[in-house]
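# Analysis of the macromolecular model
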Amino acid sequence: MISEKANYIFEQAIADYHVYDATDHPIIRPYFNHPLENLLYKKCWIDTVQWHLEDEIRNPHIDPIVGLSLKRRIDESNQWRTDVVEEIDSFYLHYFTHVKPRKDARVNTESPAWALDRLSILSLKIYHMREETENTDASPQHIASCMDKLMVLLRQRKDLSRSIDELLEDIQAGRKYMKVYKQMKMYNDPMLNPVLYAQANSNA
């Protein structure tokens, strides 16, 4: 089942990041020679770095120049995240090339890779919520509240994992088929962001 493998890899990526706990630390590549595993690990590493960048930018006392730099890093990270998700979908499109969908086959509301994207984020939420349940400086009420939330997150991961496995089984059996749309993010594209292309025209 892909969800079992993905959850293991996501937890590994998060744990590896927290050995260094530095957003500038180079990515580890334990699955360099395994295409899908490598993409899953890379995806969660990007998510983990971005999680901590998002924490930093919410500092109410942050220097505006530092905040602007972080915002640009987060925008760049979002683009990398999207690119990796699309690479994962490309992997599955190729993997299922031989499958002929049934006449009554249906398209899913999201692709396998975007479902795996949600699973990666869930792993991060679980990791950090579990940390809060172990916070010895927190009040008993805080710990109890975080424990309740952790239980919900764990159930959510179980449900999402099952749904991802069932989706891939349905695609393999021809009951569903993949139809992937590129995200076409506009804010990073100098040809689509009106602020960027206006600036380019003014400098021409």
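This text goes with the structure placed above it.
Residues numbered from 1 in each chain as written. Predicted model: local features only at pLDDT ≥ 70, side-chain atom pairs only at ≥ 80, totals over all residues. Heavy atoms only, no water.

Let's shift gears to helix α3 (residues 64-95). Along an α-helix, a turn takes 3.6 residues, which lines up residues three or four apart on a common side. With 32 residues, α3 extends 46 Å between its outermost C-alpha atoms, agreeing within 8% with the 46 Å of an ideal straight helix rising 1.5 Å per residue. Where α3 starts, the residue carrying a side-chain oxygen 2.8 Å from the main-chain nitrogen of I65 turns out to be D63. (Helix = DSSP H or I, 4+ residues; strand = E, 2+ residues; numbered from the N terminus. Expected span 1.5 Å × (residues − 1). Polar contact = N/O pair within 3.5 Å; in protein donor to acceptor, adjacent residues only side chain to side chain.)

Attention shifts here to the packing of aromatic side chains. Under the definition given, this model contains eight aromatic pairs. Their ring planes at 75° and their centres at 5.7 Å tell us that Y17 and W45 sit as a pair that is edge-to-face. Here Y17 is found in helix α1 (residues 2-20), whereas its partner W45 is found in helix α2 (residues 35-57), with 28 residues between them in sequence. (Phe/Tyr/Trp six-rings, centres within 6.5 Å; stacked < 30°, edge-to-face > 60°.)

It is worth spelling out unusual backbone geometry at this point. Positive phi values are uncommon outside glycine, yet D21 reaches one of about 50°. Tracing the chain through its elements places D21 in the loop between α1 and α2.

Considering the arrangement of structural elements, one finds S120 in helix α4 (residues 112-133). Those residues within four positions of S120 in sequence are excluded, and the remaining contacts are F10, K43, C44 and D47. (Contact = heavy atoms within 4.5 Å.)

This part takes up the packing of α4 against helix α5 (residues 140-173). It is the contact of α4 with α5, at a shortest axis distance of 9 Å, that shows an interaxial angle of 160°. Here α5 runs roughly antiparallel to α4, going by the angle between their axes. Pair α4 / α5 crosses with left-handed handedness. Taken together, the residues that form the contact of α4 with α5 break down as 18 nonpolar, five polar and six charged. (Axes fitted to C-alpha atoms, helices over the stretch in contact; angles between N-to-C directions. Parallel < 35°, antiparallel > 145°, perpendicular 65-115°, else oblique. Left-handed = near helix turned anticlockwise from the far one by under 90°. Nonpolar A, V, L, I, M, F, W, Y, C, P; charged D, E, K, R; others polar.)

On inspection of all chains with the given rule, the structure shows 14 salt bridges. R58 serves as the salt-bridge partner of E54, at 2.7 Å between the closest nitrogen and oxygen. A relative accessible area of 58% places R58 in the exposed class. In this structure, D104 and R102 form a salt bridge, with 3.2 Å as the shortest nitrogen-oxygen distance. Among the residues examined, D104 registers a relative accessible area of 47% and is labelled partly exposed. Here the residues in one salt-bridge network are K43, D47, R81 and D117, joined through shared partners. (Salt bridge = Lys/Arg side-chain N within 4 Å of Asp/Glu carboxyl O. Buried < 20%, exposed > 50% of the residue type's maximum accessible area, 1.4 Å probe, protein only.)

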